[in-house]
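Now for the letters of each chain:
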Amino acid sequence: MSTQGLDEFAGWVEGLMRQRGYDIDSPRGGGKSRIADEAGVHRAAVTRLLQRQSMPDLETMRRIAPLLGVSVRDMLIRSGRVTPEELPMAADLLPPSDWQPSMEDFARWLGVPDERMGVFVKVVNQFLEPDTEQAPPAEAPEPRRTARD
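Reading the values: the criteria
- Here the residue numbers are simple positions, counted from 1 along each chain's written sequence.
- In keeping with the model being predicted, local features are shown solely for residues with a pLDDT of at least 70 and side-chain atom pairs are shown and tallied solely at 80 or more, while totals for entire chains, interfaces and linings include all residues.
- The basis for the side-chain values is all heavy atoms of the structure; hydrogens and waters are excluded.
- The helix count covers DSSP runs of H or I at least four residues long, the strand count covers runs of E at least two residues long, and both are numbered beginning at the N terminus.
- The rule is simple: take the accessible area with a 1.4 Å probe, protein chains only, and divide by the maximum for that residue type; under 20% is buried, over 50% is exposed, in between is partly exposed.
- Here the accessible surface of atoms and residues is derived via Shrake-Rupley with a 1.4 Å probe, and residues count as covered only by protein chains that are part of the display.
- Stacked, edge-to-face and tilted labels apply to pairs of Phe, Tyr and Trp rings (six-membered ring for Trp) whose centres lie within 6.5 Å, assigned for plane angles under 30 degrees, over 60, and everything in between, in that order.
- The nonpolar core is taken to be a set of buried Ala, Val, Leu, Ile, Met, Phe, Trp, Tyr and Cys residues, with the residues joined through side-chain atoms within 4.5 Å.
- Helix span, expected: 1.5 Å multiplied by one less than the number of residues in the helix.
- Whether two residues are in contact is decided by their heavy atoms, any of which lying within 4.5 Å being enough.
- The term salt bridge refers to a side-chain nitrogen of Lys or Arg lying within 4 Å of a carboxyl oxygen of Asp or Glu.
- To obtain an axis, a line is fitted to C-alpha atoms, over the contacting stretch when the element is a helix, and the angle between two such axes runs from 0 to 180 degrees between their N-to-C directions.
- Left-handed describes a crossing in which the near helix is turned anticlockwise from the far one by less than a right angle; the clockwise case is right-handed.
- Gly falls in the polar group here, along with every residue not listed as nonpolar (Ala, Val, Leu, Ile, Met, Phe, Trp, Tyr, Cys, Pro) or charged (Asp, Glu, Lys, Arg).

### Some points on the overall build of the chain
- Secondary structure assignment for the chain yields seven helices and zero strands.
- Reading the helices (α) and strands (β) of the chain from amino to carboxyl end gives α-α-α-α-α-α-α.
- In the chain, which comprises 149 residues, the share counted as buried stands at 27%.
- If you sum the accessible surface of the chain, you get close to 11,300 Å²; carbon and sulfur atoms cover 52% of it.

### Topic: the packing of aromatic side chains
- For the structure shown, the criterion picks out two aromatic pairs.
- With centroids separated by 5.2 Å and ring planes inclined at 85°, the aromatic side chains of Phe-106 and Trp-109 adopt a geometry described as edge-to-face. Within this pair, Phe-106 and its partner Trp-109 are both found in helix H6 (residues 103-110), separated by three residues, close to a single helical turn.
- Taking relative accessible area as the criterion, Phe-106 reaches 34% and is therefore assigned partly exposed.
- Classification of Trp-109 as exposed rests on a relative accessible area of 55%.

### Some thoughts on the nonpolar core
- If you look at the biggest cluster of nonpolar residues, it comprises 24 residues, and the most contacted ones within it are Phe-9, Val-13, Met-17, Val-46, Ile-64, Leu-68 and Met-75.
- Within the residue set of this core, elements represented by two or more residues are helix H1 (3-19), helix H2 (31-39), helix H3 (43-50), helix H4 (58-68) and helix H5 (72-79).
- In terms of residues, this core owes the most to one element, H1, which gives seven residues.
- Core analysis: the second largest hydrophobic core is formed by six residues, Met-103, Val-112, Met-117 and Phe-120 among them.

### Considering H1
- End to end, H1 covers 24 Å across 17 residues, agreeing with the expected 24 Å (1.5 Å per residue, within 8%).
- Burial in H1 covers these residues: Gly-5, Leu-6, Phe-9, Ala-10, Trp-12, Val-13, Glu-14, Leu-16 and Met-17.
- Of the surrounding elements, those touching the buried residues of H1 are H2, H3, H4 and H5.
- Phi for Gly-21, located one or two positions after H1, is positive at around 90°.

### Description of the pattern of salt bridges
- Inspection of every chain in the model, using the stated rule, returns eight salt bridges.
- Across the pair Asp-7 and Arg-52 runs a salt bridge whose closest N-O atoms are separated by 2.7 Å. Taken together, the residues span a long stretch of sequence, with Asp-7 in helix H1 and Arg-52 in the loop between H3 and H4 at a distance of 45 residues.
- In this structure, Asp-105 engages Arg-108 in a salt bridge whose closest nitrogen and oxygen atoms are separated by 3.3 Å. Residue Asp-105 and its partner Arg-108 are both found in helix H6; the two are separated by three residues, about one turn of the helix.
- A single salt-bridge network, built from bridges that share partners, covers Asp-7, Glu-14, Arg-18, Asp-25 and Arg-52.

### Overview of the packing of H6 against helix H7 (residues 117-128)
- Packing of H6 against H7 leaves a shortest axis separation of 10 Å and a crossing angle of 115°. Relative to H7, the crossing made by H6 is right-handed. For the pair H6 and H7, contact is made by Met-103, Glu-104, Ala-107, Arg-108 and Leu-110 and by Met-117, Phe-120, Val-121, Val-124, Asn-125 and Leu-128, respectively.
- Per-class residue counts for the contact of H6 with H7 are eight nonpolar, one polar and two charged.

Set out below in structure tokens:
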């Protein structure tokens, strides 16, 4: 990572820390220690980032991101470690809303081997198709009369 990239990332993180109320500016403010304690990371990792000495590792980013109100994805992209294309949003991976999966799609998701695909589709469709040979519902029997009636 370039020095400029580290500086931009650290500046972004500093802004988030200040927005969340961490006093990182005064020597006795306790903000660096507080965020390190709350995130469960070493204070040195926070200090090295804020002094533009080094980029935090993945675990440090993973722990700090929720405290700063950002996703780990955003933190990784801002750090320059990955691009948005390398780490797509889950919604970007979903099929179009008008897409209707076929029985073959379901079979593939379930791991049905190709040589058994036809059998799978045939059996499942038997459960989904209305049974046309079904007898009409029987009429309810007349209630039995008792001696008291």
